[in-house]
Amino acid sequence: MTKDHANETAAQVHEDDLRRRAADDLKAARTLAEAGRRAPLLGGEIYVIWGLAVAAALLVQWAIVVRLLDLSPWAIPVSWFALTGAAALVSSRFRAARLTHPGAAGVGNTVSGAVWRAAGQFLGVFAVTLFAAGLASPFDADASGGERGRWIAAGFAMFTPASFGVYAIAMEASAAAAQAPWLRNFSRLSFAAMAATVVTAGTPIQHLIAAAGVITSLVLPGVLMMRRAQGKSDD
Amino acid sequence: MTDEASGFDYRRIDDVIHGRVRLAVMAYLSGAMAADFNELKAHVGGTDGNLATHLRKLEEAGYIDVEKRFVGRKPQTILRMSPAGREAWIAYLKGLETMLALKPAGGE
């Protein structure tokens, strides 16, 4: 073996070694990048709390409308404000705890948090404005509040389908950002609930359908999200 | 320095990233966008002090942004890959890919 040949062989071995190490580095980097990308979605508790509160408010509203509960119509807005206020209070504690959970700062949870925050703000402003407009132009169940009162009543009837549309969009965005395709099924359920509540708008059955829709499209994915987050932290 | 046998320029490999812990940090942050210190430690390994040293090097190079905040009464350190870090990371990966793609001298 000549000296040149020996040098060439040594260079080849060195290069092969570099390649092997580079391949190993790339493989490890890919695994870590995927681990970072696939942090579990957090906030399942918040889905459950809001889902239960909204479902309860819808059931109370239905019971008052069909006179199962002998209460003044004012009990409807009171129950809504009480239940959603309690949900906001309880969920704020979970939201703070979520910040210390692994994956909380990741892209999936950041996008999901931002989308749901905007969704909540939209629904909150919509509901409060509608209620304020209703106070300014009183209406009742037989729409005797005049033309404007009928529009306000229609706004309330359409608030429910709009909410399901907003849930669906927020879940679709969360699913895409967190690479959680399973959540898309609940987005579709939410769209189905939207359609069902449009068809039944203005009738008492809309409240029952909406309550069932909220349970299946918010509470159920919330429970699954909690289980998945728990499973990841147990790994 | 260029490896004459393969034509590969080793200067393309960024020394700031090319260390086991720093490479792992950059890889994790490239996927997660941001992570807190404990989460990063769970994936990257090492001691607090060791990881902090490597994070400081990445921060000094401008590759990561470090945010210190309090959650309730607990301090929390959030690490984010900066735009410069993302560029450096992409360049680093390209360097590695080049190294892997180049054919050995005389090889076919």
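Residue indices follow the written sequence of each chain, beginning from 1 at its first position. Think of it this way: whatever chain is written first is A, whatever ligand is written first is 1, and the rest follow in order. Under the rules for a predicted model, residues below a pLDDT of 70 receive no local features and side-chain atom pairs below 80 are neither given nor counted, while totals for whole chains, interfaces and linings still include all residues. Where side-chain values are given, they derive from all heavy atoms of the structure, hydrogens and water being excluded.

Caption draft 1: Summary view of the overall build of chain A. Within chain A, the secondary structure is distributed over 7 helices and 0 strands. A compact globule built from 235 residues should have a C-alpha radius of gyration of about 18 Å, whereas chain A, at 26 Å, is more than 25% larger. If you line up chain A on its principal axes, its C-alpha atoms span 105 × 30 × 25 Å. Type-normalised accessible area, obtained with a 1.4 Å probe on protein chains alone, sets the label of each residue: buried when under 20%, exposed when over 50%, and partly exposed for intermediate values. Within chain A, buried positions represent 39% of all 235 residues. Residue pairs in contact within chain A that sit at least 24 positions apart in sequence constitute 75% of those at least 6 positions apart. In this tally, Asp and Glu contribute negative charge and Lys and Arg positive charge; neither His nor the terminal groups of the chain are included. To locate a charge, take NZ of a lysine, CZ of an arginine, CG of an aspartate or CD of a glutamate. Here chain A contributes 20 positive and 16 negative side-chain charges, whose respective centroids are spaced 5 Å apart. The numbering of helices and of strands both runs from the N terminus, where a helix is a DSSP run of H or I of at least 4 residues and a strand a run of E of at least 2. Atoms considered for the radius of gyration are the C-alpha atoms alone. The globule rule reads 2.2 Å times the number of residues to the power 0.38. A contact between two residues is defined here by any heavy atoms of the two lying within 4.5 Å.

Caption draft 2: Quick look at the overall build of chain B. Check the secondary structure of chain B and you find 4 helices and 5 strands. Listing the helices and strands of chain B from first to last along the sequence gives β-β-α-β-α-α-β-β-α. For chain B, the residues scored as buried account for 43% of the 108 residues in total. For chain B, restricting intrachain contacts to residue pairs at least 6 apart in sequence, the fraction spanning at least 24 positions comes to 52%. We get accessible surface area from the Shrake-Rupley algorithm with a probe of 1.4 Å; when it comes to residues, only the shown protein chains can shield them. Total accessible area computed for chain B in this model is approximately 5900 Å², and 52% of it derives from carbon and sulfur atoms.

Caption draft 3: Examining the pattern of salt bridges more closely. By definition, a salt bridge exists where a carboxyl oxygen of Asp or Glu is found within 4 Å of a side-chain nitrogen of Lys or Arg. The final tally for this structure, using the stated rule, is 3 salt bridges over all chains. For Arg184 of chain A, the salt bridge goes to Glu172 of chain A, with nearest N and O atoms at 2.6 Å. Residue Arg184 of chain A is found in helix H6 (residues 182-199), and its partner Glu172 of chain A is found in helix H5 (residues 146-177); the two are separated by 12 residues along the sequence. Glu172 of chain A sits in the partly exposed class, given a relative accessible area of 30%. Glu67 of chain B is paired through a salt bridge with Arg80 of chain B; the nearest N and O atoms lie 2.8 Å apart. Of this pair, Glu67 of chain B sits in strand E4 (residues 64-71) while Arg80 of chain B sits in strand E5 (residues 74-81), and the two are 13 residues apart along the sequence. Residue classification places Glu67 of chain B among the partly exposed positions, given a relative accessible area of 29%.

Caption draft 4: Quick look at the nonpolar core. Ile17, Val25, Met26, Leu29, Leu40, Leu55 and Trp89 of chain B are the most contacted members of the largest nonpolar core, which has 32 residues in total. Secondary-structure elements contributing two or more residues to this core are helix H1 (3-37) of chain A together with helix H1 (20-32), helix H2 (37-44), helix H3 (48-60), E5 and helix H4 (83-101) of chain B. The element best represented in this core is H1 of chain B, accounting for 9 residues. Grouped together as the second largest cluster of nonpolar side chains are 26 residues, Tyr167, Met171, Leu183 and Phe186 of chain A included. The definition of a nonpolar core used throughout is a set of buried Ala, Val, Leu, Ile, Met, Phe, Trp, Tyr and Cys residues joined through side-chain atoms within 4.5 Å.

Caption draft 5: How the structure looks around the packing of aromatic side chains. Planes of paired rings set the category: under 30 degrees apart is stacked, over 60 is edge-to-face and the rest tilted, where pairs are Phe, Tyr or Trp rings (Trp by its six-membered ring) whose centres lie within 6.5 Å. Throughout the structure, instances matching the rule amount to 8 aromatic pairs over all chains. Between Trp116 of chain A and Tyr167 of chain A, the aromatic rings sit 6.1 Å apart at their centres with planes inclined by 35°, giving tilted as the arrangement. In this pair, Trp116 of chain A sits in helix H4 (residues 107-136) while Tyr167 of chain A sits in helix H5, placing the two residues 51 residues apart along the sequence. Taking the centre distance of 5.9 Å and the plane angle of 15° together, the rings of Trp89 of chain B and Tyr92 of chain B count as stacked. A residue pair is termed a helical-turn pair when its members lie 3 or 4 positions apart in one helix, as Trp89 of chain B and Tyr92 of chain B do in helix H4 at 3 residues. Accessibility expressed as a relative area gives 5% for Trp89 of chain B, which makes it buried.

Caption draft 6: Expanded view of the domain arrangement of chain A. Each domain span listed reflects an automatic or database assignment of domains. Segmentation of chain A into domains returns domain 1 (1-37) and domain 2 (41-234). For domain 1 of chain A versus domain 2 of chain A, the separation of C-alpha centres amounts to 55 Å.

Caption draft 7: Representation of the interface of chain A and chain B in the model. If you look at the interface, chain A gives 25 residues, while chain B gives 33 residues. Both sides of the chain A and chain B interface together cover about 2200 Å² of buried area, and 68% of this is carbon and sulfur. When two parts are brought into contact, each loses some accessible area as probed by a 1.4 Å sphere; the total of that loss over both is the buried area. Considering only the surface of chain A that becomes buried against chain B, Arg19, Leu26 and Leu32 of chain A emerge as the three largest contributors, covering 25% of it. Counting across the chain A and chain B interface gives 0 salt bridges. Polar contacts here mean pairs of N or O atoms no more than 3.5 Å apart (in protein, one a potential hydrogen donor and the other a potential acceptor; neighbouring residues in sequence count only if both atoms are side-chain atoms). Here chain A is connected to chain B by 3 residue pairs in polar contact (both at pLDDT 80 or more). Sorting the residues of the side of chain A that touches chain B by element identifies H1 and H4 of chain A as the ones contributing at least two each. Across the side of chain A that touches chain B, the residue classes break down as 14 nonpolar, 7 polar and 4 charged. Ten residue types, Ala, Val, Leu, Ile, Met, Phe, Trp, Tyr, Cys and Pro, are classed as nonpolar, four, Asp, Glu, Lys and Arg, as charged, and the remainder, Gly among them, as polar.

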